[in-house]
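# Examining the three-dimensional arrangement
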Amino acid sequence: MTLFANQLIDGLADGAIYASLALALVFSYRSTGIVNFAQGEMAMLSAYVTWQLMAWGLPLIPAALISIVLSFIAGALLYASIVKPLSHASLLTVVSVLIGLYLALNSLAGFLWTYTIKALPSLFPKAHLQLGSFSVSAETAGIIAVVGVVLLLLYLLFETTKVGLAMRGAASTPDSAVLVGVSVPVMLLIGWGIAAALGALSGILVAPKVFLNPTMMFGVIIYAFAAATLGGFDSVVGAVVGGLLVGIVENLVGTYIPWIGPDLKIIVALVLIFGTLLIKPDGLFGRKKVVRL
Amino acid sequence: MSVVVKPRLPVAVRIATAIVVAILFLYVIPFMIPNYLVSQFATVLVFAIAIVGINLVTGYGGAITLGHAAFVALGSYTTAILTVRYGWNPYATIPVAAALSWIAGWCLGFPALRLQGLYLALGTLVLSITVPPVLKRFDAFTGGVQGLNVGNPAPPASVPLDESQWIYFVSLAIAAVLYVVARRILSGPLRRALVAARDNQLVAAVMGVNRARLTTATFAMSSLYAGVAGSLYAMIVGFVSPDTFNVMMSLSLFVGAVVGGITSLSGAFIGAMFIQFVPIWASDIDVSLGGLVFGGALILTLVLIPAGVGGLAERWYLRACARLGWTEAAATETAIEASTRGAQHEAT
């Protein structure tokens, strides 16, 4: 029972990381209809930037915050320089450019910081919280708390502020948004910035677990894809629920089904993605796509 | 911009071209260049086969796949397991690899039908990330991380060729057959049905194109190409291991297809040369340069020449034919043909 509870909590912590990266995917998808294949690599670069800032002498938390802000700017720049010109391009062009970006960013990290693994310290102390009969590591609890707070802030941004309202308008009905004076490109720019910042958060949270290296996000982005697909690519709530579900299922399957075990856990993502796309292509919370013929 | 001509070369020019191509592939590459380059050219042919498969499914079928290495792996491991574990003759495994990957492609083509473009790209990308862990997990069968030692098939005693020349000629023969098959598929009514289903499903359906069957069949065919490529790849390298068939291989093949020209079959060879030689040259300078060059080339190709190098060459060729008067009168059908070739993917 304790094992089960621990797996559940670990699953939630992993799920929180997947949820933040899945949210990043959802933000860019909602604003521009593009699944950003390079999102994981951008997150990896953000983790490296944090490491670099620390190597230059900054403490961890300011370094992480600066890296997140820089990621926000980089995401906005990416939108303005590459994504916006693609808004009328064919799907093949869009996919190719994002794959090109993925390859280039991955190599860029290898070029700047080499392929040897580096250690990024955890944001949380190496302690255990004793809760009744089972103990939770401070890292696990911390990850869940940080992601929870960020989600709350995002919720407040979207539900209570004018910018949030404008962003929702720009994403859902751009034509009407323009008519009421919303600058749609600026809103999309902010959307991509938030996406990159969320990605950076997931990168910084996951780096201490998997060590800093250019391929560190390969495993994470797969589960984030699964989470976003499961929740529905255009649903914010879906990404969070999907992320947590994927994290829990992945941990339980890895522990309780010996045939799969920790090595083959990745197949969970594959099954979830194809299963969702075949049974309920819009995901659990996604809006049904209606096409006018 | 499209040039509406149907080239018809004078007989003398055709014979001259055939002779030049034959000398290049049958003499210059196998006999004039250093031995290690010959087996690299065999790999180029193998990549070209796989890229022709991507041309079929992505260029004409309109389904973006980022997971072709999965089928290459299937072909490679079929050959490796049958030769190593069951003592088969390596050449006898090629049809088996082809059949298995055809079936696998058919099975995957079925869900692929239901997935809209972006989701299919996502699904196949995830598929190709899953391949190495699965191969490692079933190590009793696949040899796990250590892989399987297939060995290079020796040339028959009566043939005065060394191993790399022999496998080069085997690959060349198979590549030539598969190229002609693809050419045949992409000429005539099947091509028109594919292009119509790709560019406007509704119109295609009204004209009686069964899109479901067509897409599944295209997927299966393209997987067959990848499977045969994998089978030959195992023989050229003489060794298979899970990490060869990682996501990088899938993406390289995709890069090759785009750089060569996604709807250009002749471009497949150029794309294959690109993904075989560029990383080697680049890694001489810096390990990470390969990926940067790939990524940069992908983006630049799409910005500068969306039709790819092969598509550009085909356009110049058509224009030259028009200038020289080597054309047939453009029939209505060929006008449509040439304009789709020129317009490429822009319409979708």
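Residues numbered from 1 in each chain as written. Chains lettered and ligands numbered in written order. Predicted model: local features only at pLDDT ≥ 70, side-chain atom pairs only at ≥ 80, totals over all residues. Heavy atoms only, no water.

### Quick notes on the overall build of chain B
Quick reminder of the rule: The secondary structure listing takes helices from DSSP runs of H or I that are at least 4 residues long and strands from runs of E that are at least 2 residues long, numbered from the N terminus. The globule rule is 2.2 Å times the number of residues to the power 0.38, and the radius of gyration it is compared with is taken over C-alpha atoms. Burial status follows relative accessibility: with a 1.4 Å probe on protein chains alone, a residue under 20% of its type maximum counts as buried, one over 50% as exposed, and anything between as partly exposed. In this description, contact between two residues means that some pair of their heavy atoms is separated by no more than 4.5 Å. Note on areas: these come from Shrake-Rupley sampling with a 1.4 Å probe, and a residue is covered only by the protein chains present in the view. Positive residues here are Lys and Arg, negative ones are Asp and Glu, while His and the chain termini are left out of the count. Here the site of a charge means atom NZ of a Lys, CZ of an Arg, CG of an Asp or CD of a Glu.
Check the secondary structure of chain B and you find 15 helices and 4 strands. For 348 residues, the compact-globule estimate of 2.2 N^0.38 gives 20 Å, and chain B sits close to it at 20 Å. Here the C-alpha coordinates of chain B stretch approximately 60 × 50 × 40 Å along the principal axes. For chain B, the residues scored as buried account for 53% of the 348 residues in total. Sequence-distant contacts, at least 24 apart, represent 82% of the contacts inside chain B between residues at least 6 apart. Total accessible area on chain B stands at roughly 14900 Å², and carbon and sulfur atoms take up 68% of it. Side-chain charges of chain B comprise 18 positive and 12 negative groups, with the mean position of each set lying 12 Å from the other.

### Quick notes on the overall build of chain A
The number of helices and strands found in chain A is 11 helices and 2 strands. Counting helices and strands in the order they occur from the N terminus, chain A gives α-α-α-α-β-β-α-α-α-α-α-α-α. Here chain A has a C-alpha radius of gyration of 19 Å; the compact-globule value for 293 residues is 19 Å, and the two agree. The principal-axis extent of the C-alpha atoms belonging to chain A is close to 60 × 50 × 40 Å. For chain A, buried positions account for 54% of its 293 residues.

### Some words on unusual backbone geometry
One non-glycine residue, threonine 114 of chain A, lies in the positive phi region at around 60°. For threonine 114 of chain A, the position within the fold is in the loop between α4 (91-113) and β1 (128-131).

### Let's talk about the interface of chain A and chain B
To keep it simple, the criterion reads: By definition, the buried area sums, over both parts, the 1.4 Å-probe accessible area that each loses when the two are put together. Should a side-chain nitrogen of Lys or Arg be within 4 Å of a carboxyl oxygen of Asp or Glu, the pair is scored as a salt bridge. Two N or O atoms count as a polar contact when they lie within 3.5 Å, although within protein this holds only if one can serve as hydrogen donor and the other as acceptor, and sequence-adjacent residues are included solely when both atoms are side-chain atoms.
Listed as interface residues are 43 residues of chain A and, on the opposing side, 42 residues of chain B. Overall, the association of chain A and chain B removes approximately 3800 Å² of surface from exposure, summing both partners, and the carbon and sulfur fraction of that is 84%. Of all residues in chain A, the largest losses of buried area upon contact with chain B belong to Leu92, Leu103 and Phe274 of chain A, amounting jointly to 16% of the total for that side. Our count for the contact surface shared by chain A and chain B stands at 0 salt bridges. Where chain A meets chain B, there are 2 residue pairs in polar contact (both at pLDDT 80 or more).

### Some points on the pairing of strand β2 (residues 134-137) of chain A
Residues in a regular strand point their side chains to alternate faces of the sheet. Residues and elements named next belong to chain A. Rules: Here a strand pair is declared whenever DSSP counts at least two bridges between the two strands.
Sheet topology places β1 next to β2; 4 bridges connect them, and they run antiparallel. Within the sheet, the bridge partner assigned to leucine 129 lies in β2 and is valine 136. Between the antiparallel neighbours β1 and β2 lie 2 residues, among them glycine 132 with a positive phi of about 65°.

### Let's talk about the nonpolar core
Stated formally: Nonpolar cores are built from buried Ala, Val, Leu, Ile, Met, Phe, Trp, Tyr and Cys residues. Side-chain atoms within 4.5 Å join them into one set.
One finds Phe37 and Phe225 of chain A together with Phe245 of chain B to be the most contacted residues of the largest nonpolar core, which totals 188 residues. With 16 residues, helix α2 (residues 35-60) of chain B is the single largest residue contributor to this core. Residues within four places of phenylalanine 225 of chain A in sequence aside, it is in contact with Leu25, Val35, Phe37 and Ile273 of chain A together with Leu122, Leu125 and Val126 of chain B.

### Description of the packing of aromatic side chains
To be explicit about the condition: Working definition: rings of Phe, Tyr and Trp (its six-membered ring) pair if their centres are within 6.5 Å, and the pair is stacked with planes under 30 degrees apart, edge-to-face with planes over 60 apart, and tilted otherwise. The rule is short: NZ of Lys or CZ of Arg within 6 Å of the ring centre and within 35 degrees of the ring normal puts a charge over the ring.
In this structure the tally under the stated criterion is 21 aromatic pairs over all chains. Arranged with centres 4.8 Å apart and planes meeting at 15°, the rings of tyrosine 48 of chain A and tryptophan 113 of chain A form a pair that is stacked. With a gap of 65 residues between them, tyrosine 48 of chain A in helix α2 (residues 39-55) and tryptophan 113 of chain A in helix α4 connect regions that are remote in the sequence. Take tyrosine 48 of chain A: its relative accessible area is 0%, and that puts it in the buried class. An aromatic cluster is present here, built from Tyr27, Phe31, Tyr168 and Phe169 of chain B joined pairwise through their rings. The cationic tip of lysine 118 of chain A hangs over the ring face of tryptophan 51 of chain A; the distance from NZ or CZ to the ring centre is 5.1 Å.

### Details of the pattern of salt bridges
Proximity of charged atoms lets side chains of opposite charge pair with each other. All names here are of chain A. For the structure on display, the rule yields 5 salt bridges over all chains. Where arginine 168 meets glutamate 159, a salt bridge forms, and the shortest distance between an N and an O atom there is 3.9 Å. A salt bridge links glutamate 250 to lysine 265, with the nearest nitrogen and oxygen atoms 3.0 Å apart. Residue glutamate 250 is located in helix α10 (residues 236-256), and its partner lysine 265 is located in the loop between α10 and α11 (266-279); the two are separated by 15 residues in the primary sequence.

### Description of the confidence of the model for chain B
Low pLDDT marks stretches whose predicted atomic positions should not be read closely. The condition that has to hold: Known as pLDDT, the predictor's per-residue confidence is scaled from 0 to 100.
Summarising the model, chain B shows a mean pLDDT of 85, and 93% of its residues fall at 70 or more. At the level of individual helices and strands, chain B shows its lowest average pLDDT in helix α15 (residues 332-343) of chain B, which scores 56, and its highest in helix α3 (residues 68-86) of chain B, which scores 93.

### Some remarks on the environment of glycine 188 of chain B
All names here are of chain B. Locating glycine 188 in the fold gives a position in the loop between α7 (163-185) and α8 (189-199). Owing to a relative accessible area of 31%, glycine 188 belongs among the partly exposed residues under this scheme. Sequence separation of glycine 188 and alanine 42 is 146 residues, and the distance between their C-alpha atoms is 31 Å.

### Re a nonpolar patch on the surface
The condition that has to hold: Candidates for patches are residues over 30% relative accessible area with no salt bridge; among them, like charges are joined within 9 Å and nonpolar side chains (Val, Leu, Ile, Met, Phe, Trp, Tyr) within 5 Å.
Nonpolar side chains collect at one region of the surface, where Leu3, Phe4, Leu8, Tyr256, Ile257 and Trp259 of chain A together with Tyr86, Trp88, Phe138 and Phe141 of chain B lie side by side and expose about 980 Å² of accessible area between them. Of all the elements, helix α1 (residues 2-32) of chain A adds the most residues to the nonpolar patch, at 3 residues. Within the secondary structure, leucine 3 of chain A sits in helix α1.

### Description of the packing of α2 of chain B against helix α10 (residues 211-237) of chain B
Residues and elements named next belong to chain B. What counts is decided by this rule: Helix axes use the C-alpha atoms of the stretch in contact, all axes being lines fitted to C-alpha atoms, and the angles between their N-to-C directions lie in the range 0 to 180 degrees. By definition in this entry, angles of less than 35 degrees are roughly parallel, angles greater than 145 are roughly antiparallel, angles of 65 to 115 are roughly perpendicular, and the rest are oblique. Each residue gets one label: Ala, Val, Leu, Ile, Met, Phe, Trp, Tyr, Cys and Pro are nonpolar, Asp, Glu, Lys and Arg are charged, and the others, such as Gly, are polar.
Interhelical geometry of α2 versus α10 gives an angle of 170° and a closest axis separation of 7 Å. Regarding the angle of α2 to α10, the classification is roughly antiparallel. Contacts from Ser39, Ala42, Thr43, Val46, Phe47, Ile49, Ala50, Val52, Gly53, Leu56 and Val57 of α2 reach α10 at Thr218, Phe219, Met221, Ser222, Tyr225, Ala226, Ala229, Leu232, Tyr233 and Ile236. The residue makeup of the contact of α2 with α10, split by class, is 16 nonpolar, 5 polar and no charged.

### Some details on the side chain of serine 71 of chain A
Residue and element names in this part refer to chain A. Structurally, the position occupied by serine 71 is in helix α3 (residues 60-83). A relative accessible area of 7% places serine 71 in the buried class. Engagement of the side chain of serine 71 in a polar contact is seen with the side chain of serine 46, the distance being 2.8 Å. When neighbours within four sequence positions are excluded, serine 71 is seen to be in contact with Ser46, Ala196, Ala197 and Ala200.

### Some details on helix α4 (residues 90-114) of chain B
What sets the pattern is the α-helix's 3.6 residues per turn: residues three or four places apart point alike. Using the following cut-off: The length a helix should cover is 1.5 Å for every residue beyond the first. Note on bend: the value at a residue is the angle between axes fitted to the seven residues ending there and to the seven starting there.
With 25 residues, α4 of chain B should cover 36 Å at 1.5 Å per step; its first-to-last C-alpha distance of 37 Å lies within 8% of that length. The axis of α4 of chain B is deflected most strongly, by about 25°, at leucine 108 of chain B, and proline proline 111 of chain B appears within four residues downstream. Regarding α4 of chain B, the residues found buried are Pro90, Thr93, Ile94, Ala97, Ala98, Ser101, Gly105, Leu108, Gly109, Pro111, Ala112 and Leu113 of chain B. Where α4 of chain B is buried, its residues contact α11 of chain A together with α3, α5 (117-137), α7 and α10 of chain B. Backbone nitrogen of tyrosine 91 of chain B and a side-chain oxygen of the N-cap are separated by 2.9 Å at the start of α4 of chain B; the cap is asparagine 89 of chain B.

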